[in-house]
Amino acid sequence: QVQLVESGGGLVQPGGSLRLSCTASGSIFMIVAMGWYRQAPGKEREMVATINNGGAVNYADSVKGRFTVSRDRTKNTVYLSTDSLKPEDTAVYYCNVYAVMTGPPYRHDAYWGQGTQVTVSS
């Protein structure tokens, strides 16, 4: 099983910057993809950004051009960065990792972080 530890959330003013970090640990054979999802009060959880093991990235339309997702493969860490926060970005942000565990059996599954609150307000 994979443990995910998130950090970097907090209260930020509109137009401010943010960097979230998520580090995966455990008996990991290979990480297929890592990414960030968010859920605002009363809203469904949505994908924010993902990056796969080849470096391909995917962004939600609402954050495209403002957010950057990156990965440090040596640390099994994924980051989400921006310097253009909007109030609409307020949500709980969850790290997600799809990983293959060492084996046999080489079990693969998606794992979720505990969530970190991001509040964008003046």
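Note that the structure is a prediction, hence the values are computed from the model and not measured.

Turning our attention to the overall build of the protein. Helix and strand counts for the protein come out as zero helices and eleven strands. Taken against the 2.2 N^0.38 rule, which gives 14 Å for 122 residues, the C-alpha radius of gyration of the protein at 14 Å falls within 12% of a compact globule. When the backbone C-alpha atoms are referred to their principal axes, the protein occupies close to 50 × 25 × 20 Å. Burial analysis of the protein (122 residues in total) assigns 39% to the buried set. Partitioning the intrachain contacts of the protein with sequence separation of at least 6 by distance along the chain shows that 55% fall at a separation of at least 24. In the structure as shown, the protein presents an accessible area of about 6500 Å², 47% of it carried by carbon and sulfur atoms.

Evaluation of the coordinates by the stated rule reveals five salt bridges. For R38, the salt bridge goes to D89, with nearest N and O atoms at 3.0 Å. Separated by 51 residues along the polypeptide, R38 in strand β4 (residues 28-39) and D89 in the loop between β8 (77-82) and β9 (91-101) bring together distant segments of the chain. The residues R38 and D89 share a single accessibility class, namely buried. A salt bridge links K64 to D61; the nearest nitrogen and oxygen atoms lie 3.4 Å apart. Each of R38, E46, R66 and D89 takes part in a single network of salt bridges with overlapping partners.

Spatially, β1-β3-β8-β7 is the arrangement adopted by the four strands of the open sheet, whose pairing is antiparallel. The open sheet has two edge strands, β1 (2-7) and β7 (67-72), and neither has a second partner. Averaged over all pairs of adjacent strands, the angle between strand axes in this sheet comes to 15°, irrespective of strand direction. Inspection of the sheet shows β7 paired to β8 by six bridges, in the antiparallel sense. Among the inter-strand pairings, F67 is bridged to a residue of β8, identified as T82.

Of note, T77 is situated in strand β8. Note on T77: relative accessible area 4%, which makes it buried. Within the local environment of T77, its side chain forms a polar contact with the side chain of T23, the two groups lying 2.9 Å apart. Contacts of T77, omitting those with residues within four sequence positions, involve C22, T23, M34, S70, R71 and D72.

What counts and how
Residues numbered from 1 in each chain as written. Predicted model: local features only at pLDDT ≥ 70, side-chain atom pairs only at ≥ 80, totals over all residues. Heavy atoms only, no water. Helix = DSSP H or I, 4+ residues; strand = E, 2+ residues; numbered from the N terminus. Rg over C-alpha atoms; globule rule 2.2 N^0.38 Å. Buried < 20%, exposed > 50% of the residue type's maximum accessible area, 1.4 Å probe, protein only. Contact = heavy atoms within 4.5 Å. Areas by Shrake-Rupley, 256 points an atom, 1.4 Å probe, with all protein chains shown as cover. Salt bridge = Lys/Arg side-chain N within 4 Å of Asp/Glu carboxyl O. Pairing = 2+ DSSP bridges. Axes fitted to C-alpha atoms, helices over the stretch in contact; angles between N-to-C directions. Polar contact = N/O pair within 3.5 Å; in protein donor to acceptor, adjacent residues only side chain to side chain.

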